[in-house]
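# Geometric and topological summary
One-letter residues, chain by chain:
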Amino acid sequence: MNLMRKLSSRNFFVFNLVLIGVIFGFSLAFLSFSCTTPRPNSVAQAQEMTPVVIPRDALSVAEGLQTTLRAVTDRVLPSVVEVKTVSVQRRQQQGGPRPDGMPWDFFFGPRRGPDNQGQGPEREFRSRGMGSGIIIRHDRGTYYVLTNNHVIDGAAEVQIGVLDGTEYTAEVVGRDPRRDLAVVSFRSTARYPLAELGNSDDVRVGDWAIAMGNPLGEQFSFSVTMGIVSAVGRTGGPGGNINDFIQTDASINQGNSGGPLVNIWGEVVGVNTWIASNIGGGSVGLGFAIPINNAKRTIDELIRTGAVSDGWLGVSLTDPDRTTLEAMGLADARGAMASQVFLGSPADTGGIRPGDFVTHVNRNEVRGSNQLTQMVGNIRPGETAVFTVMRDRASMDFTVRIEERTSEIAADSRRLWPGVIVMYLTDEMRDSLNLSGDARGLFVAQVIADTPAAIVGLQRGDRITSLNDTPVGDLASFYRALRERAGTELWFGFTRGENTLESIRFRR
C-alpha cells in the first residue's frame, strides 16, 4: 500500500514535469515564430526606415551658407574685443568700529551719526563690468575701439582683451551719451585686423544678421549668433537714446553691448546695444543695434576732438495721436510737432512756431520726433537746413541756421514758449474728468515749470476756452491765436472745476 502511494506520487510528479516542459516548448516555438514572421506594421516600419537621400542641390545651398558664415566669422571676430571695466566708489561704512578702536567700542558701542546710524570708516568698493567692442581704426601704434557709452560710463579702469587672450590697458577717448556710443584706445605693436564699416541705410527687414560679442561675461566670450533683421527704424531706447535702432532676433544678451551686428558680406552694420525682455534680462529674440551710419560722425569727432557737437533747433517735440492729427487736418501726415519753441532759438529766429508740424529736413522725410531729434543733432553747428512744416494745412519751408546744443541751453525752460501742452477734449477725457457731454475746450495735459504758462497761473486739468481774448475750440485755432502774438503776450480764459476764470497777462 505504501509502495503504491509512493509510485502514484512519483508518477504525478513526472506528469507535472512533462506538462511544464511541453508548455515551455510551445512558448519558445511561438516566440520564435513571432520574431521571425513580420507583421504588417513591422513591414511598414521597415519601409519607413529606408534612408532619405538629401537632395544635392539643397545640400549645396546649405553648404554655401555655412561656408559664408565661417568666412564672415573668420574675417570679423578677430576685430571684436572684450571691454572689461572697474568702477570705484567710496562709501561710509555703516555700523563700523571707531577709528581709535578698543576699548572705546566695548564701553560706549560704535560711533553714531546724526541719524543714529553706526558710522564706520570710509571704504573703497570696486565693481567689475564687461561688454564688447569693435576695433575700427589704427594710427601709429594706437588702436581705437568703438563700444557703448553705458559699457564704460563711470569706469575708473578699462581693459581690452583681444581674441588671442592678450589684454591691454585702455584709455577713454570720448563719449557720446545721447547716442550711447564711446571710443576707447589701446597701444600695441601687434597687428590686429580692423572691422569694415558698412552702410546701414541699405539694411532691410529679412536680411541675415550676425551678432558677435561676449554674452554673459568671460565664460562665453567671443560668441557668434545668427538671425535676421526683424525691423528697422525702431525708437524708444533706454536712457533717452536718440537712435533709430535695427531690431534683430539674433541672440543678444548682457555682455554683447558694444559688439558688432554684421551682414553676410562681413561688414559691420550696427552696434549691439540693448534688449527688450520680460524674463529678468534674458534674450527673447528682441535685440537692438545702433545703425553704424549713426556712429560714423561720432567716431570721427571723438577721435579728433574727444567730444561730439550736436546741432540744436530749439523746439520741444511731440508725436501727436491720431485724434490730434485729425483735429488739425493732418490725418495722413508723417512727422513731428513743435509743441513749444525756445524764444531766441534758431527755430524762433527762423520762423518756426508752436503747432508747426515738421515733415521734412533738407527734403528728407521725418517719421517721428526721435528721428527729427537725430536729424537735427547730426547737422553741424553753424550750418543751415531747410525745414518743411505743415501750418494751417499748408506746406511751408523755413531756412534755419543751427546752433550747438549744450545741456544748459536745452534745460533752460524759462525760454520755452508757451510752456503748456494741450489736448483736444475727447469723449474719453470727459468721462475720466466727470464732465458733461457738452463740455468744450482744450484740456491742459502739462504745464512746464518757469514758463509763461506757469507764470500766468495755468494748471494741469484746466480747460482752455480762449487765448489772448480769441475763442479757441480746437488745436488749430489755439495755435493760430498763439502765432498772432508770438513770444510777446499771453493770457488765457479757462475753466477750473465749476469756475470760469481768466489768467493774469504775460508780457515780454
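Everything quoted here is computed from the prediction, not taken from an experiment.

## Considering the overall build of the protein chain
- Looking only at helices and strands, the protein chain has 13 helices and 30 strands in total.
- Counting the 508 residues in the protein chain, one finds 43% classified as buried.
- Long-range pairs, those at least 24 residues apart, make up 63% of the contacts in the protein chain with a sequence separation of at least 6.
- For the protein chain, the computed accessible surface area is about 27500 Å², with 52% contributed by carbon and sulfur atoms.

## Brief notes about the side chain of Thr142
- Within the secondary structure, Thr142 is located in strand β3 (residues 142-147).
- There is a polar contact of 2.5 Å between the side chain of Thr142 and the side chain of Arg187.
- Other than its neighbours up to four places away in sequence, Thr142 contacts Arg137, Ser185, Phe186 and Arg187.

## Remarks on the pattern of salt bridges
- The full count for this structure, using the stated rule, is 23 salt bridges.
- Put simply, Asp300 and Arg137 hold a salt bridge, and the shortest N to O gap is 2.9 Å. Linking Asp300 in helix α6 (residues 292-305) with Arg137 in strand β2 (residues 119-139), this pair joins segments that are 163 residues apart in sequence.
- Exposure remark for Asp300: the relative accessible area of 35% places this residue in the partly exposed category.
- In this structure, the salt-bridge partner of Arg140 is Asp139, at a minimum N-O distance of 3.3 Å.
- What makes Arg140 exposed here is its relative accessible area of 72%.
- Salt bridges sharing common partners tie together Asp176, Arg178, Arg179 and Asp310.

## Considerations on the confidence of the model for the protein chain
- On average, residues of the protein chain score 84 in pLDDT, and 82% of them reach the 70 mark or higher.
- This model gives residues 1-10 a pLDDT under 50, and the stretch forms zero contacts once residues within four places in sequence are excluded.

## Structural notes on the nonpolar core
- Ranked by size, the top nonpolar core spans 26 residues in total, and within it Val420, Ile464, Leu467, Phe478 and Phe492 carry the most contacts.
- When residues in this core are grouped by element, the largest group, five residues, is from helix α13 (residues 475-484).
- One finds Leu313, Ala338, Val389 and Val400 within the second-largest nonpolar core, a separate group that totals 20 residues.

## Describing the side chain of Gln247
- By the secondary structure assignment, Gln247 is in strand β10 (residues 245-248).
- You can call Gln247 buried: its relative accessible area is 9%.
- A polar atom in the side chain of Gln247 sits 2.7 Å from the side chain of Arg234.
- Not counting residues up to four positions away in its chain, the partners in contact with Gln247 are Ile228, Val229, Ser230, Ala231, Arg234, Leu286, Gly287 and Phe288.

## Structural notes on α13
- In terms of burial, α13 is largely enclosed, as eight of its 10 residues are buried.
- Where α13 is concerned, the buried positions are Leu475, Ala476, Ser477, Phe478, Tyr479, Ala481, Leu482 and Arg483.
- Of the residues that open α13, the one with a side-chain oxygen 3.3 Å from the backbone nitrogen of Ala476 is Asp474.

## A short note on the packing of aromatic side chains
- Summed over the entire model, instances satisfying the criterion amount to 11 aromatic pairs.
- Ring geometry for Tyr143 and Tyr192: centres 5.6 Å apart, planes at 70 degrees, overall edge-to-face. Here Tyr192 lies in the loop between β6 (181-187) and β7 (196-197) and Tyr143 lies in strand β3, a separation of 49 residues in the sequence. For the pair shown, Tyr143 and Tyr192 are each scored as buried.
- Each ring, one from Phe245 and one from Trp274, has its centre 5.7 Å from the other, and the planes form 75 degrees; the classification is edge-to-face. Residue Phe245 is found in strand β10, and its partner Trp274 is found in strand β12 (residues 267-275); the two are separated by 29 residues along the sequence. Neither residue differs from the other here; Phe245 and Trp274 are each classed as buried.
- An aromatic cluster is built from Tyr143, Tyr168, Phe186 and Tyr192, whose rings are joined through pairwise contacts.
- Lying over the aromatic face of Trp491, Arg505 brings its terminal NZ or CZ to 3.6 Å of the ring centre.

## Observations concerning the environment of Met226
- Inspection of the secondary structure assignment puts Met226 in strand β9 (residues 223-234).
- The sequence separation of Met226 and Asn263 amounts to 37 residues, and the corresponding C-alpha distance is 9.9 Å.
- Contact partners of Met226, with chain neighbours within four places excluded, come to Leu69, Trp208, Ala209, Ile210 and Ala250.

## Observations concerning the pairing of strand β25 (residues 463-467)
- Of all five residues making up β25, four are buried, and the element is well covered by its neighbours.
- The pairing of strand β24 (residues 442-447) with β25 spans two bridges and is antiparallel. Looking at β25, one finds that Leu442 is bridged to Ile464.
- Sheet topology note: the β25/strand β28 (residues 492-496) ladder contains four bridges and is antiparallel. Within the sheet, the bridge partner assigned to Ile464 lies in β28 and is Phe494.
- Inspection of the sheet shows β25 paired to strand β26 (residues 470-471) by two bridges, in the antiparallel sense. When the bridges of β26 are listed, Leu467 appears paired with Thr470.

Reading the values: rules and limits
Residues numbered from 1 in each chain as written. Predicted model: local features only at pLDDT ≥ 70, side-chain atom pairs only at ≥ 80, totals over all residues. Heavy atoms only, no water. Helix = DSSP H or I, 4+ residues; strand = E, 2+ residues; numbered from the N terminus. Buried < 20%, exposed > 50% of the residue type's maximum accessible area, 1.4 Å probe, protein only. Contact = heavy atoms within 4.5 Å. Areas by Shrake-Rupley, 256 points an atom, 1.4 Å probe, with all protein chains shown as cover. Polar contact = N/O pair within 3.5 Å; in protein donor to acceptor, adjacent residues only side chain to side chain. Salt bridge = Lys/Arg side-chain N within 4 Å of Asp/Glu carboxyl O. pLDDT = per-residue confidence, 0-100. Core = buried A, V, L, I, M, F, W, Y, C linked by side-chain atoms within 4.5 Å. Phe/Tyr/Trp six-rings, centres within 6.5 Å; stacked < 30°, edge-to-face > 60°. Lys NZ or Arg CZ within 6 Å of the ring centre and 35° of its normal. Pairing = 2+ DSSP bridges.

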